[in-house]
Amino acid sequence: MKRSFFHALVLLSLTSGFVSIQTAGAQAAKSGVQEFDPQAFPGQVVDDVVVPVPSEVFSVLDKLGEPNWQQEIRKIDLAKTGDRTRLALQFGMTVAEGFVAVQAEDKETVKDIGRDVIDLATGLGLIKSVRPHAQAILDAADKGDWSSIRKEFDQTQKTVRDTMEQMKDADLSQCVSIGGWLRGTASVTSVVAKNFSADRAELLNQPMLVEHFIGSISKMSSSVKDHATVSDISKGLKNILAKMEGAVDGFTKDSVRDIGKTSDSLLDSIKAAK
Amino acid sequence: MITLFKLRTALLAVFLAGAALPALATVDDAHSYSMEAAESFVEQGFIVREEYWNGEVKSAQKLMIKHQMFKGNEYAFWLGTANEDVTFELKIYDEAGKEVTIDGKSSKMYASMRVNPPKTGTYTIVFSLTSKKESGLFWALAYGYR
């Protein structure tokens, strides 16, 4: 029944001509009103992935209980480096830490992070585009305007990624996303492990994002891909993906802890100077 | 003669720059309209993400985007265009291929819809814009959550 319906839709798609500009390498997919199979979609696939900001997950954790976000804040002690790949990873990680501090409504930590953002942006040569956002973060922190700070952290990350892409530094732009995702995931695993429930643990079901990061790293230039930390991240992400794919009947406490340990160890590697 | 030639060249340059500007502006305009669609949602407590998808597409061409959503959040998606007289189609499917779209609405320059994800995971957004007048349409898709 489903199949014949699908065939009818494919036929309709073909006759209406919307397969005419199917992109090379696009995944096939099919469309249906009740059932949809992305593997047979006859249209165009948009490959861009918008990675959720940590606060998207944090807001669910808030609804499921009241985590002690203050306990989740980690002091950012970054070793001085001129290594742009590491700086990009640290930038993403620091912005994600900002989201944790916003969740904890900790003004002083938000301000410290705002200043770290300025230092990192200076190291990356992007201070001109980042300074207005960093200043807005510092100003909003004084007022305790948490929604504005959240928006500015999101905007800061977007500005940095856009600027990197304009400068043909797409690999570094991906590193920003990866650093941010790892820090957000470390927070989520920490909160979930402290008060385990299936609903909380389900928030770690993010295989598409992990596959996206692994795929992005594999396409990076050799100078970035072979960077020791990026190489470690690639291996770590494969371990995390295996845990996610293995959680068919839901995540166990152990699998949450394992994902947390891997994320923490990768974050340590990002922070360290080599 | 040289002066006339220079004048013609300058006029041509101005014309070409003028012709190029609307094309550059329309992608941004599409995002502006998606943000216009978001306004009433923001009043209801939705937080708008700064990152969004955009591009140019042939009229009636279907597009597919994979997106991560978290059970417990409510999401709203806003599809904007800079082209007039466009009809929108915007649907979201879960991993089993079941449509999860609720409360879809459209107006002249944008469409919106909401999703309460039944599970945390990957969702597929399928959309198209159709125009009887234009073959290429600029679009922007933004989202928010609460």
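The structure displayed is predicted, hence computed values, not measured ones.

Details of the environment of Lys91(B)
Residue and element names in this part refer to chain B. Its location among the elements puts Lys91 in strand β5 (residues 86-93). Lys91 sits 37 residues away from Ser128 along the chain, and the two C-alpha atoms are 9.4 Å apart. Not counting the four nearest positions on each side in its chain, Lys91 is found in contact with Glu99, Thr101 and Val126.

Notes on the interface of chain B and chain A
Accessible area lost upon the coming together of the parts is a frequently used measure of interface size. Facing the 30 residues of chain B at the interface are 37 residues of chain A. Listing elements by their share of the side of chain B that touches chain A, those giving two or more residues are β2 (53-58), β3 (63-69) and β8 (121-131) of chain B. The element contributing the most residues to the side of chain B that touches chain A is β3(B), with 6 residues. Residues belonging to the side of chain B that touches chain A are distributed by class as follows: 11 nonpolar, 10 polar and 9 charged. Sheet topology places strand β3 (residues 44-45) of chain A next to β3(B); 2 bridges connect them, and they run parallel. Note on β3(B): the bridge partner recorded for Gln44(A) is Leu63(B).

Comments concerning helix α12 (residues 228-246) of chain A
Residues three or four positions apart in an α-helix share a direction because the helix packs 3.6 residues into each turn. All names here are of chain A. The terminal C-alpha atoms of α12 lie 27 Å apart, and with 19 residues this matches the ideal 27 Å at 1.5 Å per residue to within 8%. Taken residue by residue, α12 has Thr229, Val230, Ile233, Gly236, Leu237, Ile240 and Met244 as its buried positions. Down the axis, α12 shows its buried residues gathered within 120° of arc, on one side only. Those residues of α12 that are exposed and angled more than 90 degrees off the buried face are Ala228, Lys235, Glu245 and Gly246. Of the surrounding secondary structure, the elements contacted by the buried residues of α12 are α4 (84-103), α8 (170-194), α10 (207-218), α11 (222-225) and α13 (253-271).

Thoughts on unusual backbone geometry
Residue and element names in this part refer to chain A. Positive phi, close to 50°, is recorded for Glu105, a residue that is not glycine. Note on placement: Glu105 falls in the loop between α4 and α5 (107-124). Of note, Lys168 is a non-glycine position whose phi angle comes to about 60°, a positive value. With respect to the element layout, Lys168 can be found in the loop between α7 (146-166) and α8. Taking the number of C-beta atoms within 10 Å as the measure of exposure, Lys168 has 8 and is therefore exposed.

As for α8(A)
Under the 1.5 Å per step criterion, the end-to-end length of α8(A) is 37 Å for 25 residues, consistent within 8% with the ideal 36 Å. The buried count for α8(A) comes to 21 of 25 residues, which makes it a mostly enclosed element.

Some details on the environment of Lys253(A)
Residue and element names in this part refer to chain A. With respect to the element layout, Lys253 can be found in helix α13. Residue classification places Lys253 among the exposed residues on the basis of 11 C-beta atoms within 10 Å. Linking Lys253 and Ala201, residues 52 residues apart in sequence, is a C-alpha distance of 8.1 Å. Setting aside its immediate chain neighbours within four residues, Lys253 contacts Ala193 and Phe196.

Considerations on the sheet that holds β5(B)
With mixed pairing, 4 strands are arranged side by side in an open sheet as β3(A)-β3(B)-β8(B)-β5(B). In this open sheet, the two edge strands, each paired with only one partner strand, are β3 of chain A together with β5 of chain B. In this structure, β3(B) lies alongside β8(B), joined through 7 bridges in antiparallel fashion. Note on β8(B): the bridge partner recorded for Lys66(B) is Thr124(B).

Examining the pairing of strand β7 (residues 110-115) of chain B
Residue and element names in this part refer to chain B. Of all 6 residues in β7, 5 are buried; the element is thus mostly enclosed. Inspection of the sheet shows strand β4 (residues 75-81) paired to β7 by 6 bridges, in the antiparallel sense. Bridge assignment links Gly80 to a residue of β7, and that residue is Tyr110. One ladder, built from 4 bridges, connects strand β6 (residues 101-106) with β7; its direction is antiparallel. When the sheet's bridge partners are listed, Ser106 is paired in β7 with Ala111.

Conventions we followed
- Residues numbered from 1 in each chain as written.
- Chains lettered and ligands numbered in written order.
- Predicted model: local features only at pLDDT ≥ 70, side-chain atom pairs only at ≥ 80, totals over all residues.
- Helix = DSSP H or I, 4+ residues; strand = E, 2+ residues; numbered from the N terminus.
- Contact = placed C-beta atoms within 7 Å.
- Nonpolar A, V, L, I, M, F, W, Y, C, P; charged D, E, K, R; others polar.
- Pairing = 2+ DSSP bridges.
- Expected span 1.5 Å × (residues − 1).
- Buried ≥ 20, exposed ≤ 12 C-beta atoms within 10 Å, placed from the backbone.
- Arc of directions from axis to C-beta.

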